Amino acid sequence: MKVAVLGCGAIGGVVARALAAGAVPGAALAGVVHREPVDPPDLPVLDASAAIAAADLVVECAGHRALVETGPAVVAAGKDLLVVSVGALTDPALLPALERAGSGRVHLSTGAIGGLDLLRAAAAMGGLRRVRITTTKRAPALVQDWMDDAERARLVSATAPVELRRGPAREIAAAFPKSANVAAAVALAVGDWDLVEAAVVADPAAARTAHVIEAEGVAGEHRFEIRNAPSEETPTTSAVTPYAVLRAIGDLVSTGAVIR
Ligand SMILES: NC(=O)c1ccc[n+]([C@@H]2O[C@H](COP(=O)([O-])OP(=O)(O)OC[C@H]3O[C@@H](n4cnc5c(N)ncnc54)[C@H](O)[C@@H]3O)[C@@H](O)[C@H]2O)c1
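Please read all numbers here as calculations on a predicted model, not as lab measurements.

Chemist: What should I look at first to understand helix H5 (residues 116-125) in this one?
Modeler: One full turn of an α-helix is made of 3.6 residues, so residues set three or four places apart face in the same direction. Considered for burial, the residues of H5 that qualify are Leu116, Leu119 and Ala122. The buried residues of H5 occupy an angular sector of 120 degrees when projected down its axis, which confines them to one face. H5 presents Arg120, Ala124 and Met125 as exposed residues on the side facing more than 90 degrees away from its buried surface. Structurally, H5 contributes buried residues whose contacts are with strand S6 (128-137), helix H8 (181-190), strand S9 (209-217) and strand S10 (220-228). Just beyond H5, the residue with positive phi is Gly126, at close to 90 degrees.

Encoded structure:
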């Protein structure tokens, strides 16, 4: 399987270098597409159309806008697409548009979190009553363009955890595009954007990025607590995220048994 990687930052750079080093048997790097002023010296760089032509699978690790701009062309060319910027799917038109664009398949990365398999099973059993995800990050990583000066000041000078926003997953994932992809992933897993409540908490002392997922329904009660080391390159991203992508590529290429 030839894999093109869209984005060469904290996620795409790790994925591309691992593929180039042969870390996923059966998968090879076709090239990377990026928007930095300088090309990475150690990786083959392509433009988006050459990447789509060269690849069987395009992995989007480049941001919400890149998914909107390039995702449909991938699927239209009959190539598979693995989406990491799942927060872009808060736009209700985007996933149906990707799925209808052509014969390529659309895969959604589990990204920085786990437990989505069990949440999907619980949703399939029916009667999920409550699903909540609470994300806690270092305060500076949560500053957003839409915040006014007072909110920014409150955020960066806080000496204790501050809940910044709580609301429906769609609203929170859209408000924190680099930090609440996980809220979108939970909503997509349970198949109900309106059921999932999300909250984002800034913690000046957080050495880890925490995601607590709680669900209740006829299947029982489920609680997952994830405490991820942040990426040094891009602290809004958890360092484990590229390894979730590599695991997904390995699953797609595998002919052996896979836990699903
Ligand atoms: N699903 C999850 O759990 C999860 C977790 C962390 C991050 N993310 C998302 O993954 C994406 C990448 O995160 P990151 O930490 O690697 O970001 P990053 O800022 O470290 O790197 C982004 C890369 O994308 C490139 N880029 C930007 N626009 C592009 C375009 N239009 N075409 C091609 N390349 C482009 C940049 O040049 C850069 O190389 C973000 O959207 C982020 O929100 C998802």
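Chemist: Help me out: how do you make sense of the pattern of salt bridges in this one?
Modeler: Close approach of charged atoms allows side chains with opposite charge to pair. In this structure the tally under the stated criterion is 11 salt bridges. Its salt-bridge partner being Glu69, residue Arg35 comes within 3.9 Å of it at the nearest N-O pair. Highlighted residues: Arg35 in the loop between strand S2 (28-33) and helix H2 (48-54) and Glu69 in helix H3 (residues 64-76), separated in sequence by 34 residues. Taking the relative accessible area as the measure of exposure, Arg35 reaches 74% and is therefore exposed.

Chemist: Explain the sheet that holds strand S1 (residues 2-6) to me, please; I cannot follow it from the model alone.
Modeler: Strand pairing in a sheet relies on backbone hydrogen bonds, with the paired strands running either antiparallel or parallel. Taken together, five strands build an open sheet; the order of strands is S2-S1-S3-S4-S5 and the sheet is parallel. The open sheet terminates on both sides in strands that have one partner only, identified here as S2 and strand S5 (106-108). Adjacent strand axes in the sheet meet at a mean angle of 20 degrees, parallel and antiparallel pairs treated alike. Pairing between S1 and strand S3 (residues 57-60): four bridges, direction parallel. Looking at S3, one finds that Val3 is bridged to Leu57. Seen against the sheet, helix H9 (residues 241-253) touches S1, S3, strand S4 (80-83) and S5 and runs at an angle of roughly 160 degrees to S3.

Chemist: Got a minute to help me understand the packing of aromatic side chains in this structure?
Modeler: Here the distance between the centres and the angle between the planes together describe a pair of aromatic rings. As enumerated under the stated definition, the model contains one aromatic pair in all. Arranged with centres 5.5 Å apart and planes meeting at 80 degrees, the rings of Trp146 and Phe176 form a pair that is edge-to-face. With Trp146 in the loop between S6 and helix H6 (149-157) and Phe176 in the loop between helix H7 (169-175) and H8, this pair connects stretches of sequence that are 30 residues apart. We classify Phe176 as buried; its relative accessible area is 0%. The ring of Trp193 is capped by Arg170, whose NZ or CZ atom sits 4.6 Å from the centre of that ring.

Chemist: Would you mind going over the domain arrangement of the chain with me for this structure?
Modeler: It is common to report an interface's size as the accessible area lost on association of the parts. As assigned here, the chain comprises domain 1 (2-111 + 240-253) and domain 2 (116-228). Taking the mean C-alpha position of each, domain 1 and domain 2 sit 24 Å from one another. Across the boundary between the two partners, domain 1 contributes 13 residues, which contact 11 residues of domain 2. In this assembly, domain 1 packs against domain 2 so that about 810 Å² is buried in total across both faces, 69% of it on carbon and sulfur atoms. Summed over the three residues of domain 1 that lose the most area to domain 2, namely His64, Val86 and Thr90, the buried surface amounts to 50% of that side. Run the count over domain 1 and domain 2 and you get zero salt bridges. Counting across the domain 1 and domain 2 interface gives five residue pairs in polar contact (both at pLDDT 80 or more).

Chemist: Just to check I follow, could you spell out the site of the ligand for this structure?
Modeler: Taken together, the neighbourhood of the ligand is formed by 27 residues, with Glu36, Ser85, Asn181, Thr234 and Thr237 sitting nearest. With respect to the ligand, the backbone of Ala112 contributes an N or O atom lying 2.9 Å from an oxygen atom. A distance of 2.7 Å separates an oxygen atom of the ligand from a polar side-chain atom of Thr234. In isolation the ligand offers 870 Å² of accessible surface; the protein chains occlude 88% of this area.

Chemist: Teacher, can you tell me more about the environment of Val33 here?
Modeler: By the element assignment, Val33 lies in strand S2. Looking at Val33, the relative accessible area reads 12%, which means it is buried. Remark: the alpha-carbon pair of Val33 and Leu6, spanning 27 residues in sequence, is separated by 4.8 Å. Setting aside residues up to four positions removed in sequence, Val33 forms contacts with Val5, Leu6, Gly7, Cys8, Leu46, Asp47, Ala48 and Ala51.

Conventions adopted
- Residues numbered from 1 in each chain as written.
- Predicted model: local features only at pLDDT ≥ 70, side-chain atom pairs only at ≥ 80, totals over all residues.
- Heavy atoms only, no water.
- Buried < 20%, exposed > 50% of the residue type's maximum accessible area, 1.4 Å probe, protein only.
- Helix = DSSP H or I, 4+ residues; strand = E, 2+ residues; numbered from the N terminus.
- Arc of directions from axis to C-beta.
- Contact = heavy atoms within 4.5 Å.
- Salt bridge = Lys/Arg side-chain N within 4 Å of Asp/Glu carboxyl O.
- Pairing = 2+ DSSP bridges.
- Axes fitted to C-alpha atoms, helices over the stretch in contact; angles between N-to-C directions.
- Phe/Tyr/Trp six-rings, centres within 6.5 Å; stacked < 30°, edge-to-face > 60°.
- Lys NZ or Arg CZ within 6 Å of the ring centre and 35° of its normal.
- Domains from an automatic or database assignment.
- Buried area = accessible area lost by both parts, 1.4 Å probe.
- Polar contact = N/O pair within 3.5 Å; in protein donor to acceptor, adjacent residues only side chain to side chain.
- Near = heavy atom within 4 Å.
- Areas by Shrake-Rupley, 256 points an atom, 1.4 Å probe, with all protein chains shown as cover.

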